[in-house]
Amino acid sequence: MAIPREEFTADRMPDGYALTASRPGAFRVYWAPPPDAFCDDNDLGAFEGAASVADPFPGRRVFFHILQDGRYSVTTPRSIPAGGMRNLRDVGGYTTADGAQFVRYGRVYRSDMLCLCGEEHLPSLEALGIRRIVDLRSSFDFHDPDTYDPPLRGAAHEFLPMYGEQQSFNFTLDEALRESRERLEECYGVVSESYVDCLFDSDALRRLFRRLADGETPLLFHCYAGKDRTGIAAALLLRLLGVPRETILYDYMLTRETRKAFSDGKIAEYGDLIRDE
């Protein structure tokens with residue numbers, strides 16, 4: 001039998017949450033603010049196949065602790081709203097290849113740049129209890145002071161450029177899109193090659209994984225859009241944790257959904273250049 005990507009998934013609904021099981025059979029749901037413990041006083045009931053539950057703690061992130069046929073699972077919505085950020089996600093919840101374990105929630109987060117959050121929404125980031133922020137961007141990503149990460153209460157900040165300065169790109173996405181189809185394809189090739197370079201010669205990745213191995217969590221790592229450098233780092237981390245390749249690809253491609261509105265805007269603006277011929 002195929003191992004499910006996640007035993008259970010949770011989606012936000014206007015009046016609460018929708019929980020969906022990957023396996024048939026009845027299950028019992030409990031809730032708690034922390035991801036690693038729950039009290040059986042917080043019993044939301046028994047369900048089969050799927051469940052719709054009211055928000056048990058409005059305004060706060062909650063985790064659903066689920067028992068099914070002697071198996072224990074935890075789920076919560078993977079994407080986390082935080083102001084203008086489009087790609088803030090919890091790396092936890094995925095089932096390992098042997099089906100016996102799952103990655104802990106609330107320990108590692110991935111995102112786009114934190115400046116998109118907005119000062120008024122910083123409390124939603126601080127509520128995650130992040131102890132260390134690892135910024136994988138390079139100096140060429142900082143167009144103006146507004147692109148710097150805002151200070152986050154309780155979190156140490158570390159600048160670990162994943163691309164070496166010799167990899168500085170002499171173009172932006174908008175510039176490449178405005179020039180020509182040929183220029184766009186040339187820039188695509190440059191970016192693709194940079195993926196290979198950073199995989200095999202990245203002090204940033206070594207130091208990021210050392211922070212995690214030393215238990216410096218909860219930790220958040222990010223780049224500019226939270227898709228390329230961040231996606232590579234997340235994929236390698238999940239691989240190290242024993243998550244199967246198909247699930248890793250799924251997680252990588254989730255950025256298509258989280259950034260869909262932004263991407264659709266670019267397609268509408270530059271459609272003639274970026275559509276397949």
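Residues numbered from 1 in each chain as written. Predicted model: local features only at pLDDT ≥ 70, side-chain atom pairs only at ≥ 80, totals over all residues. Heavy atoms only, no water.

K.L.:
Hey, could you go over the overall build of the chain for me, with residue numbers and the actual values?
P.N.:
When you go through the chain residue by residue, the secondary structure sums to seven helices and 12 strands. Counting across all 277 residues of the chain, residues that qualify as buried make up 47%. Here the contacts in the chain between residues at least 6 apart in sequence split such that 67% fall between residues at least 24 apart. Here the chain displays about 14,400 Å² of accessible surface, and carbon together with sulfur accounts for 52% of that area. (Helix = DSSP H or I, 4+ residues; strand = E, 2+ residues; numbered from the N terminus. Buried < 20%, exposed > 50% of the residue type's maximum accessible area, 1.4 Å probe, protein only. Contact = heavy atoms within 4.5 Å. Areas by Shrake-Rupley, 256 points an atom, 1.4 Å probe, with all protein chains shown as cover.)

K.L.:
Which residues make up the layout of surface pockets, and what are the values?
P.N.:
Of the voids in this model, the second largest pocket is the one considered here, and its volume is about 490 Å³. Forming the boundary of the second largest pocket are 20 residues, of which Gly 59, Arg 60, Arg 61, Ala 127 and Leu 128 lie nearest the centre. Looking at the lining of the second largest pocket, the elements with two or more residues in it are β1 (8–13) and β2 (16–21). Residues belonging to the lining of the second largest pocket are distributed by class as follows: 11 nonpolar, five polar and four charged. (1 Å grid on protein atoms, 1.4 Å probe; cavity = no way out; pocket = protein on both sides within 12 Å on 5 of 7 lines; lining within 4 Å. Points joined across faces, edges and corners; volume = space filled by probe spheres on them. Nonpolar A, V, L, I, M, F, W, Y, C, P; charged D, E, K, R; others polar.)

K.L.:
Go over the nonpolar core with me, naming the residues and quoting the values.
P.N.:
In this structure, Val 134, Leu 136, Met 162, Leu 208, Leu 212, Phe 221 and Leu 238 are the most contacted members of the largest nonpolar core, which totals 26 residues. Every element with two or more residues in this core is listed here: α4 (203–213), β12 (219–222), α5 (229–240) and α6 (245–258). Residues Met 85, Ile 133, Ala 155 and Leu 220 belong to the second largest nonpolar core, which totals 15 residues. (Core = buried A, V, L, I, M, F, W, Y, C linked by side-chain atoms within 4.5 Å.)

K.L.:
So, the packing of α4 against α5: which residues are in play, and what are the values?
P.N.:
Relative orientation of the contacting elements α4 and α5 amounts to 50°, with a least axis distance of 11 Å. What the angle tells us is that α4 and α5 run oblique. Regarding α4 and α5, the two cross each other, and that crossing is right-handed. Each of Leu 205, Leu 208, Phe 209 and Leu 212 in α4 lies in contact with α5, whose residues at this interface are Ala 233, Leu 236, Leu 237 and Leu 240. For the contact of α4 with α5, a count of residues per class yields eight nonpolar, no polar and no charged. (Axes fitted to C-alpha atoms, helices over the stretch in contact; angles between N-to-C directions. Parallel < 35°, antiparallel > 145°, perpendicular 65-115°, else oblique. Left-handed = near helix turned anticlockwise from the far one by under 90°.)

K.L.:
How would you sum up the pattern of salt bridges? Please name residues and give values.
P.N.:
For side chains of opposite charge, pairing can occur when their charged atoms come near one another. Summed over all chains, the structure comprises 20 salt bridges. Among the ionic pairs, Arg 89 bridges to Asp 251, the shortest N-O distance being 3.4 Å. Here Arg 89, found in strand β8 (residues 89–90), pairs with Asp 251, found in helix α6; they are 162 residues apart in sequence, far enough to count as distant. Comparing Arg 89 with Asp 251, the two get one shared label, buried. The residue Glu 158 makes a salt bridge to Arg 207 at a minimum N-O spacing of 3.4 Å. With Glu 158 in strand β11 (residues 156–159) and Arg 207 in helix α4, this pair connects stretches of sequence that are 49 residues apart. Residue class for Glu 158 comes out buried when judged on its relative accessible area of 10%. You can call Arg 207 partly exposed: its relative accessible area is 35%. (Salt bridge = Lys/Arg side-chain N within 4 Å of Asp/Glu carboxyl O.)

K.L.:
Give me the lowdown on empty space enclosed by the protein, citing residues and values where you can.
P.N.:
To locate leftover empty space, one rolls a probe as large as a water molecule over the atoms. Scanning the model with the defined rule gives one cavity of 30 Å³ or more in all. Taken as a whole, the largest cavity spans an internal volume of roughly 40 Å³. Each residue belonging to the lining of the largest cavity can be placed in one class, and the counts come to three nonpolar, three polar and two charged.

K.L.:
Explain the sheet that holds β8 residue by residue, including any values.
P.N.:
A sheet is described by the order of its strands in space; here five strands give the open sequence β8-β9-β12-β10-β11, paired in mixed fashion. Since the sheet does not close on itself, it has two edges, and those belong to β8 and β11, each with one partner. As judged from the four bridges shared by strand β10 (residues 132–135) and β11, these two strands associate in the parallel manner. Bridge pairing in β11 places Asp 135 opposite Phe 159. Along the sheet face, α4 touches β9 (108–111), β10, β11 and β12 and points at about 165° away from the line of β12. Across the sheet, α5 touches β9 and β12, and the angle it forms with β9 is around 155°. (Pairing = 2+ DSSP bridges.)

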